[in-house]
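Below, each chain spelled out in residue letters.
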Amino acid sequence: SVATICTLIWAQLGDPNLIRKSLHVALPLLLFSLLCMPVAFLFGVITAIAHVKWLLVTISIISGGFFLCAIFILGPHVMLQRSYFPPSAGIYLRTFMLTIDISEFFVRKIKTCFGCVACE
């Protein structure tokens, strides 16, 4: 995360080419640091509650789900910066875009149900 901050500060010089190159460096580093923080927290919790097996299993399952959600949400932002997509990226991005469409549908329905005129 320190390397990401240094790269983004360096990008503030105003050169558009430098900004683009620094984002290509900073986004994968940011993804890596954002994914490592919950893993470090999980290992700290595992160390503290290792003697309570059922709680350990429950927290590990919840953390695994959170980790997969974080990859699913943050991954496309990094993948779209790459010049080459692996063949599996097409299915992943299509699923991500479908999920965005579904979530926007539910947000509109909730706003309609509660009559939130100021939210629009």
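Scoring rules and cut-offs
Residues numbered from 1 in each chain as written. Predicted model: local features only at pLDDT ≥ 70, side-chain atom pairs only at ≥ 80, totals over all residues. Heavy atoms only, no water. pLDDT = per-residue confidence, 0-100. Helix = DSSP H or I, 4+ residues; strand = E, 2+ residues; numbered from the N terminus. UniProt positions renumbered as here; feature names shortened; annotations may be inferred. Expected span 1.5 Å × (residues − 1). Buried < 20%, exposed > 50% of the residue type's maximum accessible area, 1.4 Å probe, protein only. Contact = heavy atoms within 4.5 Å.

1. Topic: the confidence of the model for the protein chain
Do not read the fine detail of predicted coordinates wherever pLDDT is low.
Then, number 1: Looking at the protein chain, pLDDT values average 76 and 68% of them are 70 or higher.
Then, number 2: Between the elements of the protein chain, mean pLDDT differs from a low of 67, seen in helix α4 (residues 88–114), to a high of 83, seen in helix α2 (residues 16–48).

2. Observations concerning the UniProt feature "transmembrane region" (unreviewed entry) in the protein chain
Then, number 1: In the UniProt entry, the feature "transmembrane region" (unreviewed entry) is given for residues 25–48 and 54–74.
Then, number 2: Helix makes up 100% of residues 25–48 and strand 0%, whereas the separation of the span's terminal C-alpha atoms amounts to 36 Å.
Then, number 3: This span, residues 54–74, is 100% helix and 0% strand, and a straight line between its end C-alpha atoms measures 30 Å.

3. Points about α2
Then, number 1: The end-to-end C-alpha distance of α2 is 48 Å, a good match for the 48 Å that 33 residues give at a rise of 1.5 Å each.
Then, number 2: For α2, the set of buried residues is L18, S22, A26, L31, S33, L35, L42 and V45.

4. Concerning the environment of L42
Then, number 1: Inspection of the secondary structure assignment puts L42 in helix α2.
Then, number 2: Judged by its relative accessible area of 15%, L42 falls in the buried class.
Then, number 3: Residues L42 and G64 lie 22 residues apart in sequence; the distance between their C-alpha atoms is 9.5 Å.
Then, number 4: When near neighbours in sequence (up to four residues on either side) are disregarded, L42 contacts I59, S60 and S63.

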